[in-house]
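A structural walkthrough
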Amino acid sequence: MTWTKACSTSDLEEGEGFQLKQERPIALFNVDDEYFAIDDTCTHDESSLADGYVEGDVVECGWHFAKFCIRTGAVLSLPATCPVSTYAVKVEGDDVFVNLPD
Ligand code: FES
């Protein structure tokens, strides 16, 4: 696992997702000034969860409205049936890092 700089805290507004573009994109979220990272790709049909609708610690996919828990990656509603992976996040100064598999 490697800590990778994802963005600045100013990039993470509450209620908005931020997509870390890479081979396996990651979605970052700010929930009450706690930061979370999950796989960006919806497990139903590959829409970006960073582009989804955020309410509290739940993100709703913009395509077919499956819901996922931002804290745990758990799938909360159909049509998705598989959870998304979660990644540890740390903040140093204004920089947000995600612990990603090598
Ligand atoms: S692509 Fe996300 S619910 Fe279908």
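Look above for the structure.
An account of the accompanying structure is given in this report.

Definitions and limits used
Residues numbered from 1 in each chain as written. Predicted model: local features only at pLDDT ≥ 70, side-chain atom pairs only at ≥ 80, totals over all residues. Heavy atoms only, no water. Pairing = 2+ DSSP bridges. Helix = DSSP H or I, 4+ residues; strand = E, 2+ residues; numbered from the N terminus. Salt bridge = Lys/Arg side-chain N within 4 Å of Asp/Glu carboxyl O. Buried < 20%, exposed > 50% of the residue type's maximum accessible area, 1.4 Å probe, protein only. Core = buried A, V, L, I, M, F, W, Y, C linked by side-chain atoms within 4.5 Å.

Note that strand 9 (residues 89-92) and strand 10 (residues 95-100) share four bridges and pair antiparallel. From the neighbouring strand, Val 89 faces strand 10, where its bridge partner is Val 98.

Further remarks concern the pattern of salt bridges. Under the criterion given, the structure shown has five salt bridges. Two residues, Asp 39 and Arg 24, come together in a salt bridge whose shortest N-O distance is 2.7 Å. One end of the pair, Asp 39, is in strand 4 (residues 34-39); the other, Arg 24, is in the loop between strand 2 (17-20) and strand 3 (26-31), with 15 residues separating them in the sequence. The class of Asp 39 is buried, set by a relative accessible area of 8%. Its relative accessible area of 48% is what places Arg 24 among the partly exposed residues. For Lys 90, the salt bridge goes to Glu 92, with nearest N and O atoms at 3.3 Å. Judged by relative accessible area, Lys 90 falls into the partly exposed class, the value being 28%. A cluster of three or more residues bridged by salt bridges with shared partners is formed by Glu 34, Asp 57 and Arg 71.

Core analysis: the largest hydrophobic core is formed by 16 residues, its most contacted members being Phe 29, Ile 38, Leu 49, Val 59, Phe 68 and Ile 70. Among the secondary structure elements, those contributing two or more residues to this core are strand 3 and strand 4. If you tally residues by element for this core, the top one is strand 3, at three residues. Core analysis: the next-biggest nonpolar cluster, separate from the first, contains twelve residues, Ala 6, Ile 26, Tyr 35 and Val 96 among them.

Shape is all these values report; function is a separate question.
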